[in-house]
Amino acid sequence: MKIFEAADRIPLAGERPAATLGVFDGVHRGHRAIIEILLAAARKLSIPTLALTFHPHPRAALGLSVPPGICSLKARLRLLEEAGLDAVWILPFSREMSLLSGREFAAEFLFHRLAVRAVVMGGNAVFGRGRDGDAHSLALWAAGRDILVSAVPPLPIHGAIISSTAVRLAVQM
C-alpha cells in the first residue's frame, strides 16, 4: 500500500481513484463495510482505491478535546492495508483546513487534487466547516463531473450502530 503525506497530487498510475474519507480510528467493522463497498466499486471500474484520512485528529486542530484513540496512526495504516486499499493519503489537519466548507474541501481535495472517479462514505459521515458536507451534498456538488457517490448506511450490531464512539465505550466497559 502506498502512503502519501501532504502531497499536492496523489500519483496513482494516472487513474482517477475510488476514495473514502474519515479518521478511521480503529478501522472497525463499520469502516470495513465502507471499505468493502469501495473495493467492489473500484473493481467494477478497474481503478485504484484510496482512503483519505486525517492526522492529527480534526478536534485537536480546533483546540477541542480529542476522544481517546482506538489505535495509533501506525496501527490504523496497517489495518487499512490489511483491508485491501491501494493507498492512503494522510492529510495534516489544520486550523486553516477546518475553515473550508464541505463544498470547498470537496472541490480542493476530492475533485482537484485526487480527481476521484468514485467516493464511498458512511451515511452519517460529515465533513467541512460546520459539518456541512455529507454524501448527499457531495453527490450534488459532484453532478456533471462523472463521479459516483455512495453512502453506506450505518451498520447495526445487537441493536446498536457501530461507530468509533461505540467501540470506545465498549472497550471502557
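Residues numbered from 1 in each chain as written. Predicted model: local features only at pLDDT ≥ 70, side-chain atom pairs only at ≥ 80, totals over all residues. Heavy atoms only, no water.

J.: When you look at the overall build of the chain in this model, what are you seeing that I'm missing?
T.: When helices and strands are tallied, the chain shows seven helices and eight strands. A buried classification covers 43% of the 173 residues belonging to the chain. Counting only contacts in the chain whose residues sit at least 6 apart along the sequence, the fraction spanning at least 24 positions is 77%. (Helix = DSSP H or I, 4+ residues; strand = E, 2+ residues; numbered from the N terminus. Buried < 20%, exposed > 50% of the residue type's maximum accessible area, 1.4 Å probe, protein only. Contact = heavy atoms within 4.5 Å.)

J.: Would you mind showing me how to read the side chain of Thr20 here?
T.: You can see Thr20 is positioned in strand E2 (residues 18-21). Looking at Thr20, its side chain comes within polar contact range of the main-chain oxygen of Val120, at 2.6 Å. Residues contacting Thr20, with those up to four places away along its chain left out, are Ile34, Leu38, Leu50, Ala51, Leu52, Val120 and Met121. (Polar contact = N/O pair within 3.5 Å; in protein donor to acceptor, adjacent residues only side chain to side chain.)

J.: Would you mind showing me how to read helix H3 (residues 73-82) here?
T.: Among all positions in H3, only Ala75, Arg76, Leu77, Leu79 and Leu80 are buried. Its buried side turned inward, H3 meets strand E1 (2-5), helix H1 (29-45), strand E3 (49-54) and strand E4 (87-91). Downstream of H3 by a residue or two, Gly84 has a phi angle that is positive, lying close to 105 degrees.

J.: I keep staring at the pattern of salt bridges and nothing clicks. Help me out?
T.: Think of it this way: side chains of opposite charge can pair up when their charged atoms draw near. Counted by the stated rule, this structure contains four salt bridges. Residues Asp146 and Arg16 are paired through a salt bridge, measuring 3.5 Å at the closest nitrogen-oxygen approach. Linking Asp146 in the loop between helix H6 (135-142) and strand E6 (148-152) with Arg16 in the loop between E1 and E2, this pair joins segments that are 130 residues apart in sequence. Relative accessible area serves as the criterion here: at 47%, Asp146 is assigned to the partly exposed category. A cluster of three or more residues bridged by salt bridges with shared partners is formed by Arg16, Arg117 and Asp146. (Salt bridge = Lys/Arg side-chain N within 4 Å of Asp/Glu carboxyl O.)

J.: Got a minute to help me understand the sheet that holds E3 in this structure?
T.: Think of a sheet as strands paired side by side through backbone hydrogen bonds, with each pair either parallel or antiparallel. Reading across the sheet, the six strands line up as E1-E4-E3-E2-E5-E6 and stay open at both edges, with parallel pairing between neighbours. Strands at the two margins of the open sheet, each flanked by one partner only, are E1 and E6. For this sheet, the mean angle separating the axes of adjacent strands, direction not counted, is 20 degrees. In terms of strand pairing, E2 meets strand E5 (residues 118-122) through two bridges, oriented parallel. Note on E5: the bridge partner recorded for Ala19 is Val119. Across the sheet, H6 lies against E5 and E6, angled at about 175 degrees from E6, the strand it touches most. (Pairing = 2+ DSSP bridges. Axes fitted to C-alpha atoms, helices over the stretch in contact; angles between N-to-C directions.)

J.: Quick question: what am I supposed to make of the environment of Ala18 here?
T.: One can find Ala18 in strand E2. Residues Ala18 and Ala115, 97 residues apart in the sequence, show an inter-C-alpha distance of 9.5 Å. If near-sequence neighbours (up to four positions away) are discounted, Ala18 is found in contact with Leu38, Ala42, Ile47, Pro48, Thr49, Leu50 and Ala118.

J.: Sorry if this is basic, but what is going on with the nonpolar core here?
T.: A general feature of soluble globular proteins is that nonpolar side chains tend to end up buried together. Within the largest apolar cluster, 28 residues are counted, with the highest numbers of intra-cluster contacts made by Leu50, Leu52, Trp89, Phe105, Leu110, Leu114 and Leu138. By residue number, the principal contributor to this core is helix H5 (residues 102-113), which donates five residues. Sequence-distant contacts of Leu110, defined by excluding residues within four places in its chain, comprise Leu21, Leu52, Phe105, Ala115, Val116, Val119 and Leu138. (Core = buried A, V, L, I, M, F, W, Y, C linked by side-chain atoms within 4.5 Å.)

J.: Which parts of the structure should I look at to understand the packing of H5 against H6?
T.: For any two helices packed against each other, one specifies the inter-axial angle together with the distance between the axes. Direction vectors running N to C along H5 and H6 enclose 65 degrees, while the axes themselves pass 10 Å from each other. Seen along the crossing, H5 lies across H6 with a hand that is right-handed. Across from Gly102, Arg103, Ala106, Leu110 and Phe111 in H5, the residues of H6 making contact are Leu138, Trp141 and Ala142. (Left-handed = near helix turned anticlockwise from the far one by under 90°.)

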